[in-house]
Amino acid sequence: MDEHVYANEAAISKEDDAALELVESLRQRAKAEGLWAPNLPPEAGGTGTGFLGYAYLNEEIGRSTWAQYIFGCQAPDAGNAEILWEFGTDEQKERWLAPLVAGQIRSFFSMTEPDVAGSDPTTLRTRAVRDGDEWVIDGHKWFSSGAEGAAFAIVMAVTDPDAPPHSRASQIIVPADNPGVDIVRPISVFGHAGRGWSTHCEVTYTGVRVPAANTLGEVGAGFRIAQKRLGPGRIHHVMRWLGQMQRAFELMCERALEREAFGSRLADKQTVQNWIADSAAEIQACRLMTLDAAHKIDAGDEARVEVSVIKFYAARVLNEVIDRAIRGHGALGITNDSPLATMYVMARAARIYDGPDEVHRMVVARRILKSFESGDGWQFR
Ligand SMILES: Cc1cc2nc3c(=O)[nH]c(=O)nc-3n(C[C@H](O)[C@H](O)[C@H](O)COP(=O)(O)OP(=O)(O)OC[C@H]3O[C@@H](n4cnc5c(N)ncnc54)[C@H](O)[C@@H]3O)c2cc1C
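Residues numbered from 1 in each chain as written. Predicted model: local features only at pLDDT ≥ 70, side-chain atom pairs only at ≥ 80, totals over all residues. Heavy atoms only, no water.

Asks: Help me understand the overall build of the protein chain in this model?
Replies: Of the regular secondary structure elements, the protein chain holds eleven helices and ten strands. What you see for the protein chain is a C-alpha radius of gyration of 22 Å, in line with the 21 Å of a compact globule of 381 residues. Each of the three principal axes of the protein chain carries a C-alpha extent, and together these read 80 × 60 × 40 Å. Scored against the burial criterion, the 381 residues of the protein chain give a buried share of 49%. Summarising the internal contacts of the protein chain: among those between residues at least 6 apart in sequence, 71% fall at separations of at least 24. A total accessible area of about 18,000 Å² is found for the protein chain, and carbon and sulfur atoms account for 53% of it. Looking at charge distribution, the protein chain has the averaged site of its 40 positive side-chain charges lying 4 Å from that of its 52 negative ones. (Helix = DSSP H or I, 4+ residues; strand = E, 2+ residues; numbered from the N terminus. Rg over C-alpha atoms; globule rule 2.2 N^0.38 Å. Buried < 20%, exposed > 50% of the residue type's maximum accessible area, 1.4 Å probe, protein only. Contact = heavy atoms within 4.5 Å. Areas by Shrake-Rupley, 256 points an atom, 1.4 Å probe, with all protein chains shown as cover. Lys, Arg positive; Asp, Glu negative; His and termini not counted. Charge placed at Lys NZ, Arg CZ, Asp CG, Glu CD.)

Written as structure tokens, this is what we have:
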């Protein structure tokens, strides 16, 4: 990370042709050093040592937003690879998973739609209708991350509108060059449209025909597969956020020790000391809660409450710690001469993606209250 990632961050962030070449050379280096795709086991083409090992590794990888791409475990490809590995047929694995894990192609996950609330995906409108051995897909998606230049999508589409809400949708593999797939535009996010992997795209599907054999898992299992992907995936996100928090914390402390105003160092002002003390407490609380959830998942528990608690709590701490670090840096903190500005923008999105914080609070409260209603109360363990 010190030698190859941080040192090249500013050059990579330009996202010009030279940046793409540089990032590609770093990816090759990560491969050569046996650090590639740590999210997957060697049988699937990765170098992973299991769920917990990868969770801990994410704390380091997360310190730089580009590192996940350099190490071949970037969202959404990592999650797509994991579900292809778990639910894909042999044919799907050969055609899509193998080149994806090898870093030869990229993919996207196309679920959210502009016209309905992504928080409640039972309202999805994209339809896939069977016609003989094919699905015919029509729909309008957005925030399909990484769609520009990707080889295929995993599309969440309603396949049985009359089924119970959580059995209505299926996940279907759609080649991006299929007739009817239109990557309308990379959406500008906080003024950044991105390039390739860093885009969030609007995508339309108009009469898109794919073989029924492109269904991932069973028909109607879309939500179950999404849940399988999201629970452990959120642990990995939060571990990466911990890396961001720690980096911001270090920058804040270093700056406080070197900058002087009104006759003393920032480090000697109680407001700044409060930022540091509060951040130290909150980061460690996030870290221990995340590891607790990770260990519960590793032991076979779904840890739904724990995962939702860390999602909204860590997203808040992430935003607050980076904000404090920016304050300590003054104007420098919002320039691209410091990594903090990019970190801040990414952190703001963290409160929305993977389920908005408010939805996770709802999940936590509902589950706890249900447990009280049934007479069990709630044990902190
Ligand atoms: C950076 C980024 C990357 C993304 N990548 C992808 C991707 O690759 N693929 C993909 O399919 N999607 C992706 N998304 C979309 C993301 O999953 C959705 O934005 C998210 O699910 C929220 O849906 P929405 O934007 O439609 O907000 P809405 O569902 O319209 O919600 C708006 C707001 O309403 C409030 N709200 C909702 N429900 C409740 C509730 N029960 N109680 C209280 N308040 C509530 C919340 O404040 C919420 O933020 C990405 C989003 C971002 C920001």
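Asks: For this particular structure, what's the right way to read the packing of helix 7 (residues 222–258) against helix 8 (residues 270–298)?
Replies: Helix 8 packs onto helix 7 with a crossing angle of 160 degrees between their chain directions and a minimal axis gap of 10 Å. As summarised for this structure, helix 7 and helix 8 are arranged roughly antiparallel, according to the angle between their axes. Every pair of crossing elements has a handedness; the one defined by helix 7 and helix 8 is left-handed. In terms of residue class, the contact of helix 7 with helix 8 is built from 20 nonpolar, four polar and one charged. (Axes fitted to C-alpha atoms, helices over the stretch in contact; angles between N-to-C directions. Parallel < 35°, antiparallel > 145°, perpendicular 65-115°, else oblique. Left-handed = near helix turned anticlockwise from the far one by under 90°. Nonpolar A, V, L, I, M, F, W, Y, C, P; charged D, E, K, R; others polar.)

Asks: I would appreciate a short explanation of the site of the ligand in the present structure.
Replies: By nearness alone, 18 residues border the ligand, and Phe109, Thr112, Ser119, Phe143 and Ser145 come closest of all. Phe109 places a main-chain nitrogen or oxygen 2.7 Å from a nitrogen atom of the ligand. Between the ligand and Ser145 there is a distance of 2.8 Å, counted from a nitrogen atom to a side-chain nitrogen or oxygen. In the complex, the protein chains occlude 66% of the 980 Å² of accessible area that the ligand would expose alone. Contributing elements (two or more residues each) for the shell around the ligand: strand 1 (107–110), strand 3 (134–145) and helix 11 (357–373). Sorting elements by how many residues they give to the shell around the ligand places helix 11 first, with three residues. Here the residues of the shell around the ligand sort into eleven nonpolar, six polar and one charged. (Near = heavy atom within 4 Å. Polar contact = N/O pair within 3.5 Å; in protein donor to acceptor, adjacent residues only side chain to side chain.)

Asks: What is the right way to look at empty space enclosed by the protein in this model?
Replies: Rolled over the atoms, a probe sized like a water molecule indicates the empty space that remains. Counting across every chain of the model gives one cavity of 30 Å³ or more. Here the largest cavity is characterised by a volume of approximately 90 Å³. Along the walls of the largest cavity sit 15 residues, with Gly72, Gln74, Asp77, Leu100 and Val101 positioned nearest its centre. If you list the elements that add at least two residues to the lining of the largest cavity, you get helix 5 (77–87) and helix 6 (90–101). Here the element with the most residues in the lining of the largest cavity is helix 5; it accounts for three residues. (1 Å grid on protein atoms, 1.4 Å probe; cavity = no way out; pocket = protein on both sides within 12 Å on 5 of 7 lines; lining within 4 Å. Points joined across faces, edges and corners; volume = space filled by probe spheres on them.)

Asks: Any chance you could explain unusual backbone geometry here in plain terms?
Replies: Peptide bonds are mostly trans, and most non-glycine residues show a negative phi. Note the cis peptide between Ala75 and Pro76, where omega equals 0 degrees. As for its placement among the helices and strands, Pro76 is situated in the loop between helix 4 (67–70) and helix 5. The phi dihedral of Phe143 falls on the positive side, at around 60 degrees, and the residue is not glycine. Phe143 sits in the partly exposed class, given a relative accessible area of 36%. Backbone geometry places Phe262, a non-glycine residue, at a positive phi of 50 degrees.

Asks: Looking at this model, I keep getting lost on the nonpolar core. Mind explaining?
Replies: The tendency in soluble globular proteins is for nonpolar side chains to be buried as a group. Ranked by internal contacts, the top residues of the largest apolar core, which has 42 residues, are Ile235, Trp241, Met245 and Ile322. At the level of secondary structure, the elements contributing two or more residues to this core comprise helix 3 (51–61), helix 7, helix 8, helix 9 (304–329) and helix 10 (340–350). Looking at this core, the element that brings in the most residues is helix 9, giving 13 residues. The next biggest cluster of nonpolar side chains, apart from the first, holds 39 residues, and it includes Ala44, Phe87, Phe152 and Ile173. (Core = buried A, V, L, I, M, F, W, Y, C linked by side-chain atoms within 4.5 Å.)

Asks: I keep staring at the pattern of salt bridges and nothing clicks. Help me out?
Replies: Side-chain pairing between opposite charges can occur once the charged atoms of the two side chains come close. This structure, assessed with the given rule, holds 23 salt bridges. It is possible to trace a salt-bridge network through shared partners that takes in Asp292, Lys296, Asp301, Glu306 and Arg381. (Salt bridge = Lys/Arg side-chain N within 4 Å of Asp/Glu carboxyl O.)

Asks: What's the story with the environment of Gly46 in this structure? I'm lost.
Replies: As for its placement among the helices and strands, Gly46 is situated in the loop between helix 2 (17–32) and helix 3. Along the sequence, Gly46 and Gln244 sit 198 residues apart, while their C-alpha atoms lie 24 Å from each other. Discounting chain neighbours no more than four positions away, the residues touching Gly46 are Trp36, Ala37, Leu40, Pro41 and Val101.

Asks: For this particular structure, what's the right way to read the packing of aromatic side chains?
Replies: A complete count under the given rule lists six aromatic pairs for this structure. Plain terms: the ring middles of Trp96 and Phe152 are 4.8 Å apart, the flat faces sit at 45 degrees to each other, and that makes the pair tilted. Separated by 56 residues along the polypeptide, Trp96 in helix 6 and Phe152 in strand 4 (residues 152–158) bring together distant segments of the chain. Both residues of the pair, Trp96 and Phe152, belong to the buried class. A connected cluster of aromatic rings, assembled from ring pairs, spans Trp66, Tyr69 and Trp197. Directly above the aromatic system of Trp36 lies the positively charged group of Lys31, at a separation of 4.6 Å from the ring centroid. (Phe/Tyr/Trp six-rings, centres within 6.5 Å; stacked < 30°, edge-to-face > 60°. Lys NZ or Arg CZ within 6 Å of the ring centre and 35° of its normal.)

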